[in-house]
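Here are the chains, one letter per residue:
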Amino acid sequence: MAMMLLAMLIATKVTAADLPANAGRDDKIFDLLDDNNDGRISREEFKNNQMLVFYVMDRNKDLALTRAETTLPADNFARLAGSDGKIGPLEFLGVADAAFTQADANHDGALDRREFTVLLQHIRTE
């Protein structure tokens, strides 16, 4: 249930009016991903949970995400899916890994709350 919430919230577009409401949700998502409660999401914690997000989104369990299984805008989905029209686990992990690396502004191998919030805002507005 928590991972489904994460998947839906990450892919939801937000306006400036939504930011205060999202702040509380973002904190809850952060706490869910911070498995050891140290106030940081390590790359390992992020990787462990990103596959759970993939499996939750993959409703028919065919190990591929179709447009209907995501809340991504059509153009973003098409860019990620490529010629086969599906996002496979490796494509999903590659995108998530690149997003983590980009969000890790201080290059310490973990996301603090500020870095994580910036990541969510970037995903929501892309």
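Residues numbered from 1 in each chain as written. Predicted model: local features only at pLDDT ≥ 70, side-chain atom pairs only at ≥ 80, totals over all residues. Heavy atoms only, no water.

Enquirer: What am I meant to see in the pattern of salt bridges here?
Expert: Any two side chains of opposite charge can pair, so long as their charged atoms come close to each other. Scanning the model with the defined rule gives five salt bridges in all. The shortest N-O distance in the salt bridge between Arg 113 and Asp 31 comes to 2.5 Å. Of this pair, Arg 113 sits in helix α6 (residues 113-125) while Asp 31 sits in helix α2 (residues 19-33); the two residues are 82 residues apart in sequence, bridging distant segments of the chain. In this structure Arg 113 comes out as partly exposed when scored by relative accessible area, which is 34%. In this structure, the salt-bridge partner of Asp 108 is Arg 40, at a minimum N-O distance of 2.8 Å. Placement of Asp 108 in the loop between α5 (89-103) and β2 (110-111) and of Arg 40 in the loop between α2 and β1 (41-42) is noted, with a sequence separation of 68 residues between them. For Asp 108, a relative accessible area of 37% translates into the label partly exposed. Here the salt bridges do not stand alone but share partners, grouping Asp 27, Asp 31 and Arg 113 into one network. (Salt bridge = Lys/Arg side-chain N within 4 Å of Asp/Glu carboxyl O. Helix = DSSP H or I, 4+ residues; strand = E, 2+ residues; numbered from the N terminus. Buried < 20%, exposed > 50% of the residue type's maximum accessible area, 1.4 Å probe, protein only.)

Enquirer: So what exactly am I meant to see when it comes to the packing of helix α3 (residues 43-57) against α5 here?
Expert: Axes are the key here: two packed helices are described by the angle between their axes and the distance separating the axes. Viewed as axis vectors pointing N to C, α3 and α5 meet at an angle of 140°, and their least axial separation amounts to 10 Å. Here α3 is positioned oblique relative to α5, judged by the angle of their axes. Two packed elements cross with a definite hand, and for α3 against α5 that hand is right-handed. Residue-level inspection shows Arg 43, Phe 46, Lys 47, Gln 50, Met 51, Val 53, Phe 54 and Met 57 of α3 in contact with α5, the latter providing Pro 89, Phe 92, Leu 93, Ala 96, Asp 97, Phe 100 and Thr 101. Partitioning the contact of α3 with α5 into residue classes produces ten nonpolar, two polar and three charged. (Axes fitted to C-alpha atoms, helices over the stretch in contact; angles between N-to-C directions. Parallel < 35°, antiparallel > 145°, perpendicular 65-115°, else oblique. Left-handed = near helix turned anticlockwise from the far one by under 90°. Contact = heavy atoms within 4.5 Å. Nonpolar A, V, L, I, M, F, W, Y, C, P; charged D, E, K, R; others polar.)

Enquirer: Mind showing me how you'd approach α5 here?
Expert: Here α5 spans 21 Å end to end across 15 residues, near enough to the 21 Å set by a 1.5 Å rise per residue. For α5, the complete set of buried residues consists of Phe 92, Ala 96, Ala 99, Phe 100 and Ala 103. An end-on view of α5 places all buried positions within 100° of arc, on one side of the element. Facing away from the buried side of α5, by more than 90 degrees, are the exposed residues Leu 90 and Gln 102. (Expected span 1.5 Å × (residues − 1). Arc of directions from axis to C-beta.)

Enquirer: Help me understand the packing of aromatic side chains in this model?
Expert: The geometry of an aromatic ring pair comes down to the distance between the two centres and the angle between the two planes. For the coordinates displayed, the defined rule picks out four aromatic pairs. Among the aromatic residues, those joined into a cluster by ring pairs are Phe 54, Tyr 55 and Phe 92. (Phe/Tyr/Trp six-rings, centres within 6.5 Å; stacked < 30°, edge-to-face > 60°.)

Enquirer: Can you walk me through α3 in this structure?
Expert: It helps to recall that an α-helix has 3.6 residues per turn; residues three or four apart then point in one direction. Taking 1.5 Å per residue, 15 residues should reach 21 Å; α3 reaches 21 Å between its end C-alpha atoms and fits that length. Three or more residues of α3 are buried, namely Glu 45, Phe 46, Asn 49, Gln 50, Met 51, Val 53, Phe 54 and Met 57.

Enquirer: What's the story with the environment of Leu 63 in this structure? I'm lost.
Expert: Among the secondary structure elements, Leu 63 is positioned in the loop between α3 and α4 (74-81). Exposure remark for Leu 63: the relative accessible area of 45% places this residue in the partly exposed category. A C-alpha to C-alpha distance of 8.6 Å links Leu 63 and Ile 87, two positions 24 residues apart in sequence.

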